[in-house]
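In case you want the letters, here they are:
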Amino acid sequence: MSTDSNRFPFFHEAKAPGGAEGWESMYPYYLVPSEETRAHEDAQFWFADTMHWSRGCHPFDSIGAEAVYLGVGTFSTRIFALPVSLGLDVRVKNGYVYISPLGVTDPERIQERAAVFQKRAGYYYANWDELYGKWKTKMEGAIASLQSISFQKLAEYDPDHVVDEARGRSDAMALTENYHRLIDEFFAIWQYHFEFLNLGYGGYITFFQFCKQAFPLITDQSISRMVAGVDVLAFRPDDECRRLAQLANDLGLVETVTAEGTTDQLRSALEATENGRTWLASFDETRDPWFNYFTEYGFTHDQETWNSNPAIPVGNIASYARKIAAGEDISRPIERLRAERDEIVDEYRALLTADEAKQFEELLGLARTVFPYIEEHNIYVEHWSHNVFWQKCHELAQVLVDAGFLANADDMFYLNRFELDTVLSDVVQSWAIGVEARGKARWAAEIERRKPIVAALQAASAPPAYGIPPQEVTDPFAVMNYGVTTERVNDWLGASDGESKTLNGIPGSLGIVEGPVRVLRSEKDLPDLQPGEILVAPITAPSWAAAFAVATGVITDIGGMMCHAAIVCREYGIPAVVGTGFATARLKTGQRVRIDGKAGTVVVLDDEPAGTTTDTRAEDLGVPAAG
Amino acid sequence: MFTLEFTHPDCRDVRQVGGKAASLAEMTAQGLPVAPGFAVTAAGYRRYLEEAGLKEFATQVLDGLRPDSGQAAFDEAERVIAARLAGIPLPDELAAPVREAYAKLCADCGVDDVAVAVRSSATAEDSVGASFAGEFETWVDITGAENVLAHIHKCYVSVFAGRVLSYLAEKEIDPHEIEMAVVVQKVVRARAAGVMFTLSPTSGDRSKIVLEASWGLGLSVVGGEVTPDRFLVEKIGLGIADRTPGYKHIEYRRGDAPQDVPEDRRSVLCLADEEVTALAAFGKQLEKIHQAPQDIEFAVDEELPDGKNLVLLQCRPETVWSNADRPPAFDASAGMMSWITGSISGRTAPPASGAAHQH
């Protein structure tokens, strides 16, 4: 396979990882690159969405890729008619999700769309707070609706109420109905997700552009500091950990909550004392909803929440409790942060002419109006809704196990959503007729075939891009959210040639720091992170916040200056370089690097993890290694 | 009072110390560091002229002069007066406080016989004002109290220079309206020096302060003889956004001939971060005082103790960007920007009720 250096491989040029041959059949046909759509696919630029799917995804989990890019598309293309962009096209390649921005170039069409956009966006901007208030109500309704879905075991006989109330139809009908409702609700929630997001980014970018024109050298960080919220929902789960840590100190429970042991042991220890019970009650009260919080973004069925693995928040609480006990002040100085933000704004405004200052105020006002949505929507959608969605999926899987169709509940996720629909029809109909499900053996064999394929897909990492990159990356989503900029794409093109000492990324959070790296693929590995280390991860969701108390810097594979890792790192004052493309693949735990959060660079300072290098050097010089 | 330190409140009175000294005192009062020193007041000059009836003597000589007397007559007057003044040193009543002030300056700087510049700071009625700038001499690298006294004496004599006298005659100004206050100020021994703009000279960005600096005096930076170190500072928050080391192969130690900088120092930054930040803070303050972006010369004095070693040398309004027509920050032709502002400026109807989640 050869590619010239101006493009990435085409989809059809990339082979499946060993053992993953035949992966294509696992996903809905329209998600898989095909011979019929090849001309279009080869003409496009595709980049990996490892922000949402950091590993190759199970067939069922590809539903997220459908829902997300249906949502983006409807709002960009059909509802708000963004003048120069349509939606993001989506494909699954070797199990990873790839997306491709679609631009509008025809000037007449742009004009036509601009007219629609101004009318419709204007309505939202003018009524933002009110509509956003409604959005929250709508989301709460959607979550409650998801919550109300239940999947009941198929019993030997239909329940009595079917007869007593003369319902005239079997309760089993609800299995397929509720499955369809589950899917529809999930898609609806992803519609809501994008109801405000495009406009939110638009409003934010406009202020951004104004600042760039008024102050050509202004940094992204300075602009975002003028806009960023100080006291927003996104920080609440972490704030709750801090609060519980403080409470543990107040109640004299630091030793208890920081003790080695399982969370069950901790619970027993706490239940033994009056103060312990007080603390536990507060902890349990916080859990719903604040610990319905995924370690990443909840796009896969097997991801943990803080509630499903309480060791994660307990670890955070323990680390904060130790700090407080050591006399450290871990509270976020909200008043001071707010005063600082206002002072920065005043100083910038004072540098402008009167007319400019007026526009500055107006656009800053817009940016601040829309920004809470940008910061908060993930809590509602990716954390709270997904949490319920996956719980319901697991409930459904259990029904299939109970019906004798599946050997293990997790097997269900090896079927895509359409296959599962077919299976449910088979199961319900067979149950009604009184025979064993007709597809049982066939799907059992297919699931066994798929298991090693998914394992092979997940063992391989995703190339950052496919296809022909544009001269300039202008799509605002690609730039702001994914950190896919023209420079980054050129880095990827160059970097594929060989090993380089430097990784380039997006400046996420200011500061320069040197230190050994700790490469972590999952939040579960966070306890391995040692003080003074620089965290390297595919992404860092806000739920990793406690890690920022330990890490001296953060490097991620994907993400832009508006990604959550960057937002949270800025909040906590940790240097961050995001969107490097390859950091988790290139860097090895123990290697020393220097990261520059302003330039967006990561420089490898030694080739081998520390220790090895020192020893070798000593030998080379003929000097006996000391100590 | 015959001497006033720049830090003395009275030193800000132009009638007592002349424009030059008053402006140095004014900057000192505002916390803007200039090289330390003191003024010998106009009263000191008057006291000198009282000595042995010098004023009357001068008046006699000058009375014979008319605007059309010709340069030779003025030069003759200079010769006669200078000869008389030469025989009369500063009286003890004046010399003693000068010696004392110089000794204190040496002590403050921590340098014995510190080198100073002696410069005129003439006072006159406002109408005469600034036209005297450049008429009088400046002497640099003067060391020792007796030399300082000798140069103050030279300043006094210079009032009666032939070209000054003819100039005054032409303007119909009585030479006795001129009162010669004198500035005695430490000569800057620059470890490093340079220029600071309170905006980015390349982009016009007003939220930035840019410093360029090199080893030694600022001559090498101003003259473009070296590639200076370049520092980009955020005006807001004073964070250093960028440090670009230059290549500084020569330096001026005294202002005459440059000397080579050893290879290993050429690419080393000549200002520490704290110095850059402190200088930028001064720049920001000067911009505020003058209500316009400034172009400032500064130095880091190697003789003065840390914390007192930053010295501002000159300050003038920046002219290139300040006078240029800046493109408006709001660019209506920039697609998204105009569509979005277009959509927020239009009035729209309030939302209809009922947008709940329905299934």
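Reading the values: rules and limits
Residues numbered from 1 in each chain as written. Chains lettered and ligands numbered in written order. Predicted model: local features only at pLDDT ≥ 70, side-chain atom pairs only at ≥ 80, totals over all residues. Helix = DSSP H or I, 4+ residues; strand = E, 2+ residues; numbered from the N terminus. Buried ≥ 20, exposed ≤ 12 C-beta atoms within 10 Å, placed from the backbone. Contact = placed C-beta atoms within 7 Å. Pairing = 2+ DSSP bridges. Core = buried A, V, L, I, M, F, W, Y, C linked by C-beta atoms within 7 Å. Axes fitted to C-alpha atoms, helices over the stretch in contact; angles between N-to-C directions. Nonpolar A, V, L, I, M, F, W, Y, C, P; charged D, E, K, R; others polar. Parallel < 35°, antiparallel > 145°, perpendicular 65-115°, else oblique. Domains from an automatic or database assignment. Expected span 1.5 Å × (residues − 1). Arc of directions from axis to C-beta.

## Observations concerning the overall build of chain B
Next, step 1: Tallying secondary structure elements over chain B gives twelve helices and 13 strands in all.
Next, step 2: For chain B, with 359 residues in total, the buried portion stands at 42%.
Next, step 3: For chain B, the share of sequence-separated contacts (at least 6 apart) that also reach a separation of at least 24 residues comes to 66%.

## Some words on the pairing of strand β7 (residues 512-519) of chain A
Every regular strand shows the same layout, with side chains that alternate between the two sheet faces.
Residues and elements named next belong to chain A.
Next, step 1: When β7 meets strand β11 (residues 592-596), the two strands line up antiparallel, connected through five bridges. Following the sheet pairing, P516 is matched in β11 by R592.
Next, step 2: Where β7 and strand β8 (residues 534-537) come together, three bridges link them in parallel fashion. Across the sheet, residue V519 finds its bridge partner in β8, namely V536.

## With respect to the nonpolar core
Next, step 1: Core analysis: the largest hydrophobic core is formed by 167 residues, its most contacted members being F47, V97, Y204, F207, V370, A465 and V536 of chain A.
Next, step 2: The dominant element in this core, judged by the number of residues it contributes, is helix α14 (residues 354-402) of chain A, at 20 residues.
Next, step 3: With sequence-adjacent residues up to four places away left out, Y204 of chain A is seen in contact with V227, A367, V370, F371 and I374 of chain A.
Next, step 4: Core analysis: the next-biggest nonpolar cluster, separate from the first, contains 93 residues, V118, A122, V188 and V300 of chain B among them.

## Some points on the sheet that holds strand β6 (residues 506-509) of chain A
Residue and element names in this part refer to chain A.
Next, step 1: Strand order in the open sheet formed by eight strands is β5-β12-β11-β7-β8-β9-β10-β6, with mixed pairing between adjacent strands. Only two strands of the sheet have a single partner each, and these edge strands are β5 (502-504) and β6. Recorded for the sheet is a direction-independent mean angle of 30° between the axes of neighbouring strands.

## Things to note about the interface of chain B and chain A
Next, step 1: In this complex, chain B contributes 31 residues to the contact, which on the side of chain A involves 43 residues.
Next, step 2: Top contributing element to the side of chain B that touches chain A by residue count: helix α12 (residues 335-345) of chain B, with nine residues.
Next, step 3: Within the side of chain B that touches chain A, the residues separate by chemical class into 15 nonpolar, twelve polar and four charged.

## Here's the deal with the packing of helix α4 (residues 128-148) of chain A against α14 of chain A
All names here are of chain A.
Next, step 1: Taken N-terminus to C-terminus, the directions of α4 and α14 make an angle of 5°; their axes are 10 Å apart at the nearest point. Classified by the angle between their axes, α4 and α14 sit roughly parallel to one another. Across from W128, D129, Y132, M139, A142, I143, L146 and Q147 in α4, the residues of α14 making contact are T369, V370, Y373, Y380, W384, S385, V388, F389 and K392.
Next, step 2: Class assignment of the residues belonging to the contact of α4 with α14 gives a composition of twelve nonpolar, three polar and two charged.

## Quick look at the domain arrangement of chain B
Much of the literature gives interface size as the accessible area that the parts lose upon coming together.
Residues and elements named next belong to chain B.
Next, step 1: Assigned domains of chain B: these are domain 1 (3-186) and domain 2 (190-323).
Next, step 2: Listed per partner, the contact involves nine residues of domain 1 and ten residues of domain 2.
Next, step 3: In the side of domain 1 that touches domain 2, the residues fall into seven nonpolar, two polar and no charged.

## A few points about helix α10 (residues 273-290) of chain B
Residue and element names in this part refer to chain B.
Next, step 1: Taking 1.5 Å per residue as the helical rise, α10 with its 18 residues ought to reach 26 Å, and the 26 Å between its terminal C-alpha atoms agrees with that figure.
Next, step 2: What α10 keeps buried is the set E275, V276, L279, A280, F282, G283, L286 and E287. An end-on view of α10 places all buried positions within 160° of arc, on one side of the element. Exposed residues lying more than 90 degrees from the buried face of α10 are D273, E274 and K288.
Next, step 3: Of the surrounding secondary structure, the elements contacted by the buried residues of α10 are β6 (190-197), β7 (208-215), β8 (229-234), β9 (240-244), β12 (294-301) and β13 (310-317).
Next, step 4: Phi turns positive one or two residues past the end of α10, at Q291, with a value near 60°.

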